[in-house]
Amino acid sequence: PRLLSQFFFADERVTRVVAEINGLDAELDPQQYLVLLNQLHLSQAHLLAVLERIMEECIPTQRHSRDYLVKFPEELLVDNLGNHMLFAAECLLAGTFLEVEESDEAQLRPRARNLLCSLELVRTVLREQSLSQPNSYPEPVRAVLIQFDRLFAEFELSYVSSLVAVKSPDEIYRQQEIIVLFCETVERALHLGYLTQEMIDGYEPLLMFTIPRLAIISGLLIYPEGPLSLERSPEEMSRVFSPFYNLLKKIRDLLRVLSAEELCLLERSLCTAE
């Protein structure tokens, strides 16, 4: 159950697979080479997962901030992101990386080198600690973990920023505005009886359509200064809504001619229609 013991065996697995890859002629046995590469990917992912748990146990208050993750596109926020970072760093050092521009590659390569050197130091220190005192984390161990955590975060932010357009502070704020709009829409719908708490607690599938529909009406009529404000230019709106700027203006104009009773009837119908 001790994390350092788990790390020792996970590290042994990585070392063994790397040795098998180095001793194999990939041209003579390409199928076995691909099998070993997959094993390496899985064993490294397990090693990083154990290392993450060790850092949470050893340096929980000294972890490098990961606030920058909110800037990343959602499709990148996957469980194996850390393993992909490690693979990217290895490819950058080997000169086999084709995803980034040459200028970005020149800036990323030193960060990749520092990250991988730090990982090797962490592996060495933790292996020695697991064989001597597997129940404690002395200051030298904590120091190398803090350094690795910082270098990993710095490389992750630099690497992803070189590949995709990370969200600006304005875009993050606009996303938060949308979250607030949806929360206020749900609160209003509950108050008016359009929805029930049981539907929300039970993850009623219809809510995936109902809440966005009600949010559009709320954003255009009830909270006109929020993220659906048509006083802004399309460029100032969130990318979620900006492509529909002209359509939203037409919807708003139609909604404005409805009476209170007609608006209530419309919203109730949006809660039932599929």
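Worth saying up front: this structure is predicted, and the values here are computed from it rather than measured.

Trainee: Just give me the short version of the environment of Thr210, but keep the residues and values in it.
Mentor: Along the chain, Thr210 turns up in helix H8 (residues 207–222). Residue Thr210 is classed as buried on the basis of its relative accessible area, which comes to 0%. With 23 residues separating them in the primary sequence, Thr210 and Glu187 have C-alpha atoms 13 Å apart. Setting aside residues no more than four positions away along its own chain, Thr210 makes contact with Leu195, Leu270 and Cys271.

Trainee: Quick one: what's the story with the packing of aromatic side chains, residue by residue and with numbers?
Mentor: Summed over all chains, the structure comprises 3 aromatic pairs. Centre to centre, the rings of Phe155 and Tyr159 are 5.8 Å apart; their planes meet at 5°, and the pair counts as stacked. A residue pair is termed a helical-turn pair when its members lie 3 or 4 positions apart in one helix, as Phe155 and Tyr159 do in helix H5 (residues 139–163) at 4 residues. Using a relative accessible area of 0% as the deciding quantity, one classes Phe155 as buried.

Trainee: A description of the environment of Arg188 should follow, citing residues and the corresponding values.
Mentor: For Arg188, the location among the structural elements is in helix H6 (residues 169–192). Sequence separation between Arg188 and Arg150 is 38 residues, and the spatial gap between their C-alpha atoms is 44 Å. Residues contacting Arg188, with those up to four places away along its chain left out, are Tyr194, Ser218, Ile222 and Glu267. A polar contact of 2.8 Å, which involves the side chain of Arg188, links it to the side chain of Glu267.

The rules behind each value
- Residues numbered from 1 in each chain as written.
- Predicted model: local features only at pLDDT ≥ 70, side-chain atom pairs only at ≥ 80, totals over all residues.
- Heavy atoms only, no water.
- Helix = DSSP H or I, 4+ residues; strand = E, 2+ residues; numbered from the N terminus.
- Buried < 20%, exposed > 50% of the residue type's maximum accessible area, 1.4 Å probe, protein only.
- Contact = heavy atoms within 4.5 Å.
- Phe/Tyr/Trp six-rings, centres within 6.5 Å; stacked < 30°, edge-to-face > 60°.
- Polar contact = N/O pair within 3.5 Å; in protein donor to acceptor, adjacent residues only side chain to side chain.

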